[in-house]
Amino acid sequence: MDTSPARSRNAAATRQAILSSALVAFTRRGYDGVGVREIAADAGVTAMLVNRYFGSKEGLFTEVVEASFEPATMVPADPERPADLARTTAEALVERTGPGAEHLGPFELMLRSAANPRAAEIVRAGIERHVGARFAGALQGPGADERAELGLALLAGVWLMRTVITTPALRDAPPSLLAEQVTAMLSVVVEP
């Protein structure tokens, strides 16, 4: 007779456990570097259950991308004043890339999955739908979409150099100085 406690059947908790496991796995190893069975095992479920909730690895990845890019963690959803957009975005970048900061975020997910063409399409759609739309929506004047993408390219470059390549000058820069310099650079694309 089985004397182990009955496992609680909570669909929302199970779904969240799978998403959390997938976020860690995709962020650390990219789309091609992890399989559904590994994600399932880390979540304490079967691969069949993952597929029941998400349809496929691609469906799961799509939901992870949505969950990663939807929150306004870098570009504010509604800056108090458009003039503050460059400063608040630069400060968020410096904080999120600082020593000891959690790096299981959208940038690493994008970076480690970009080699797969389908994963890159999914990431691009997530960027356009969320952070890109927020950035462009906060800009005044012509060329908002192009200027927003230039701003995102600047953010991605600083993120890459500071957290992945870890160049000493950016890694060790005083946060206030780095935020000031990034603000000046972002101001070029933010101001029409």
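Note: the structure precedes this text.
In every chain, residue numbers begin from 1 and rise along the written sequence. This being a predicted model, a pLDDT of at least 70 is required before a residue's local features are given, and a value of 80 or more before pairs of side-chain atoms are given or counted; all residues contribute to the totals for chains, interfaces and linings. No hydrogens and no water enter the side-chain calculation; it runs on all heavy atoms of the structure.

S.K.: Go over the packing of aromatic side chains, please, and point to the residues and values.
M.R.: When two rings of Phe, Tyr or Trp (its six-membered ring) have centres within 6.5 Å they constitute a pair, described as stacked for plane angles under 30 degrees, edge-to-face for angles over 60, and tilted for the intermediate range. Within this structure, the stated rule accounts for 5 aromatic pairs. Ring plane angle 15° and centroid distance 5.9 Å describe the contact between Phe26 and Tyr31, whose orientation is recorded as stacked. Per-residue accessibility, obtained with a 1.4 Å probe over protein chains only, is compared with the maximum for each type, and a residue is labelled buried under 20%, exposed over 50%, and partly exposed between these values. Judged by its relative accessible area of 11%, Tyr31 is buried. Look at Phe26 and Phe61: their rings are 5.0 Å apart centre to centre, the planes differ by 90°, and that puts the pair in the edge-to-face class. Of this pair, Phe26 sits in helix α1 (residues 11-29) while Phe61 sits in helix α4 (residues 57-69), placing them 35 residues apart in sequence. Three or more aromatic residues link up through ring pairs in this structure, and these residues are Phe26, Tyr31 and Phe61. Here a helix means four or more residues in a row that DSSP labels H or I, a strand means two or more in a row labelled E, and each is numbered from the N terminus.

S.K.: Go over the side chain of Thr163, please, and point to the residues and values.
M.R.: Tracing the backbone shows Thr163 in helix α8 (residues 144-164). Within the local environment of Thr163, its side chain forms a polar contact with the backbone oxygen of Trp159, the two atoms lying 2.8 Å apart. We call two residues in contact when some of their heavy atoms are within 4.5 Å. When neighbours within four sequence positions are excluded, Thr163 is seen to be in contact with Thr97, His103 and Glu108. Counted as a polar contact is a pair of N or O atoms within 3.5 Å, where, for protein atoms, one must be capable of donating a hydrogen and the other of accepting one, and residues adjacent in sequence contribute only when both atoms are in side chains.

S.K.: Before we move on, could you go through α8 and cite the residues and values that matter?
M.R.: What a helix is expected to span follows from its residue count: subtract one and scale by 1.5 Å. With 21 residues, α8 ought to run about 30 Å at 1.5 Å a step, and its terminal C-alpha atoms sit 29 Å apart, in line with that. Turning to α8, its buried residues are Ala144, Arg147, Ala148, Gly151, Leu152, Leu154, Leu155, Val158, Trp159, Arg162 and Thr163. Looking down the long axis of α8, one finds its buried residues gathered within 155° of arc, a one-sided arrangement. In α8, the exposed residues that point more than 90 degrees away from the buried face are Asp145, Glu146, Glu149 and Leu150. Turning to α8, the residues buried within the fold contact α5 (85-96), α6 (106-113), α7 (117-138), α9 (168-171) and α10 (175-190). Directions pointing from the helix axis toward each C-beta atom define the arc.

S.K.: Describe α4, and please don't skip the residues or the numbers.
M.R.: The terminal C-alpha atoms of α4, which comprises 13 residues, lie 18 Å apart, in line with the 18 Å expected from a rise of 1.5 Å per residue. Next to the buried residues of α4 lie α1, α2 (36-43), α3 (47-54), α6 and α7.

S.K.: Explain the pattern of salt bridges residue by residue, including any values.
M.R.: Just to be clear on terms, a salt bridge is a Lys or Arg side-chain nitrogen sitting within 4 Å of an Asp or Glu carboxyl oxygen. A complete count under the given rule lists 8 salt bridges for this structure. In this structure, Glu63 and Arg15 form a salt bridge, with 2.8 Å as the shortest nitrogen-oxygen distance. Taken together, the positions of Glu63 in helix α4 and Arg15 in helix α1 put the pair 48 residues apart, joining distant regions of the chain. Assessed through its relative accessible area of 29%, Glu63 is described here as partly exposed. We note a salt bridge from Asp84 to Arg87, for which the minimum N-O separation is 3.5 Å. The exposure class of Arg87 is partly exposed, given its relative accessible area of 35%. The network of salt bridges with common partners includes Glu58, Arg118 and Glu121.

S.K.: Give me the lowdown on the packing of α4 against α6, citing residues and values where you can.
M.R.: Working note: a packed helix pair is described by the angle between its axes plus the distance between those axes. Working convention: axes come from line fits to C-alpha atoms, limited for helices to the stretch in contact. Angles between N-to-C directions cover 0 to 180 degrees. Contact geometry of α4 with α6 gives a least axis separation of 9 Å together with a crossing angle of 145°. Contact residues: Phe61, Val64, Val65, Ser68 and Phe69 in α4; Pro106, Leu109, Met110 and Ser113 in α6. Under the scheme applied here, ten amino acids are nonpolar (Ala, Val, Leu, Ile, Met, Phe, Trp, Tyr, Cys and Pro), four are charged (Asp, Glu, Lys and Arg), and all others, including Gly, are polar. In the contact of α4 with α6, the residues fall into 7 nonpolar, 2 polar and no charged.

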